[in-house]
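Chain by chain, the residues run as shown.
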Amino acid sequence: MERLHKVIADSGLCSRRKAEKLMLEGKVTVDGEVVKTLGTKVSKNAEILVEGKPLPTVEYEYYVLYKPEGFVSTTSDEKGRKTVIDLVHTSSRIYPVGRLDYDTSGVLLLTNDGAFNQEMIHPKHKIEKEYQVTVEGLLRKETSLKLSRGIHIDGKKTARSRIRNVEYNTQKMTTRCHLIITEGRYHQVKKMFEQVGHPVTKLKRIRFGIITLDGMKKGEVRHLKPHELKQLHALTLK
Ligand code: URA
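Chemist: I'd like a rundown of the packing of aromatic side chains, residues and numbers included.
Modeler: For the coordinates displayed, the defined rule picks out two aromatic pairs. Look at Tyr-62 and Phe-116: their rings are 5.1 Å apart centre to centre, the planes differ by 75 degrees, and that puts the pair in the edge-to-face class. Separated by 54 residues along the polypeptide, Tyr-62 in strand β7 (residues 62–67) and Phe-116 in helix α3 (residues 114–121) bring together distant segments of the chain. Following the ring pairs from residue to residue traces out a cluster consisting of Tyr-60, Tyr-62 and Phe-116. Looking at Arg-81, its charged tip hangs above the ring of Tyr-102, at a distance of 4.7 Å from the centre.

Chemist: Explain the side chain of Gln-188 to me, and be specific about the residues and the numbers.
Modeler: When you line up the elements, Gln-188 lands in helix α5 (residues 188–195). With residues up to four places along the chain from it excluded, the contact list for Gln-188 reads Ile-153, Thr-158, Ile-181 and Glu-183.

Chemist: Can you explain unusual backbone geometry? Please cite residues and give values.
Modeler: The phi angle at Asn-165 is positive, at roughly 55 degrees, despite the residue not being glycine. Structurally, the position occupied by Asn-165 is in strand β13 (residues 162–169). One non-glycine residue, His-187, lies in positive phi territory at about 55 degrees. With respect to the helices and strands, the residue His-187 is situated in the loop between β14 (174–181) and α5. Relative accessible area serves as the criterion here: at 30%, His-187 is assigned to the partly exposed category.

Chemist: If you had to explain the domain arrangement of the protein to someone new, which residues and values would you point to?
Modeler: Partitioning the protein into structural domains gives domain 1 (2–54), domain 2 (62–123 + 211–235) and domain 3 (128–208). Taking only C-alpha atoms, the centre of domain 1 and the centre of domain 2 are 26 Å apart. Residue-level contacts link eight residues of domain 1 with five residues of domain 2. Taken together, the two surfaces of domain 1 and domain 2 that pack against each other cover about 480 Å², and 46% of this comes from carbon and sulfur. Connecting domain 1 to domain 2 are four residue pairs in polar contact (both at pLDDT 80 or more). Examining the composition of the side of domain 1 that touches domain 2, we find that three residues originate from one element, helix α1 (residues 4–10), more than from any other. Here the residues of the side of domain 1 that touches domain 2 sort into two nonpolar, two polar and four charged.

Procedures and definitions
- Residues numbered from 1 in each chain as written.
- Predicted model: local features only at pLDDT ≥ 70, side-chain atom pairs only at ≥ 80, totals over all residues.
- Heavy atoms only, no water.
- Phe/Tyr/Trp six-rings, centres within 6.5 Å; stacked < 30°, edge-to-face > 60°.
- Helix = DSSP H or I, 4+ residues; strand = E, 2+ residues; numbered from the N terminus.
- Lys NZ or Arg CZ within 6 Å of the ring centre and 35° of its normal.
- Contact = heavy atoms within 4.5 Å.
- Buried < 20%, exposed > 50% of the residue type's maximum accessible area, 1.4 Å probe, protein only.
- Domains from an automatic or database assignment.
- Buried area = accessible area lost by both parts, 1.4 Å probe.
- Polar contact = N/O pair within 3.5 Å; in protein donor to acceptor, adjacent residues only side chain to side chain.
- Nonpolar A, V, L, I, M, F, W, Y, C, P; charged D, E, K, R; others polar.

Written out as structure tokens, the structure is:
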């Protein structure tokens with residue numbers, strides 16, 4: 001189920017705001033009924049007509065971007081900063097699947113398929129996100145264990161996670177490791193390490209589900225391959 005105004009906008013017909021306006025004006029029907037209530041959700045198979053005409057059929061597009069630092073993961077930015085959308089050459093209304101911070105690099109999926117987007121970010125599917133993290137200080141075994149068992153951030157305990165490939169730099173007094181999480185809470189990785197006294201100095205997402213940065217350069221974008229799409233979808237059926 002998806003919100004009607006979003007389904008209309010995702011078809012490329014108009015913006016979400018315009019879609020809401022059309023709904024309020026009584027110009028949208030779902031399975032023959034006029035729907036004016038904003039926020040109404042519709043199923044995939046619903047017959048949606050706008051001013052009596054069906055929505056344009058959307059060609060879905062799926063991309064993976066090696067996001068560089070210095071880009072926001074939104075479709076527009078009120079501060080006028082560059083966005084990840086600027087890096088993908090398409091006229092479709094695509095958006096990122098989840099977010100990476102302005103100063104975080106790595107794997108970012110983008111699509112115009114709203115259902116796929118929801119599937120990928122829903123916490124119940126527990127899709128693994130692997131980050132290469134550099135933190136201040138030398139991370140002790142007990143601290144890694146504490147992090148992986150779950151700690152409280154923003155009043156809620158994090159789900160189990162895994163830490164591997166721990167490397168110490170005793171000259172700089174920093175640690176580099178991989179953290180694998182299955183949630184996607186706001187600033188989750190930074191907050192987790194901050195909470196145990198190891199501020200993050202560098203963050204890169206090296207894997208989203210089965211998608212890695214293999215063979216990609218920073219800033220590069222490519223289409224997802226059909227088998228990758230299939231495998232990503234399969235992760236949600238487990
Ligand atoms: N966790 C963070 O803190 N930042 C990101 O960009 C991604 C995960």
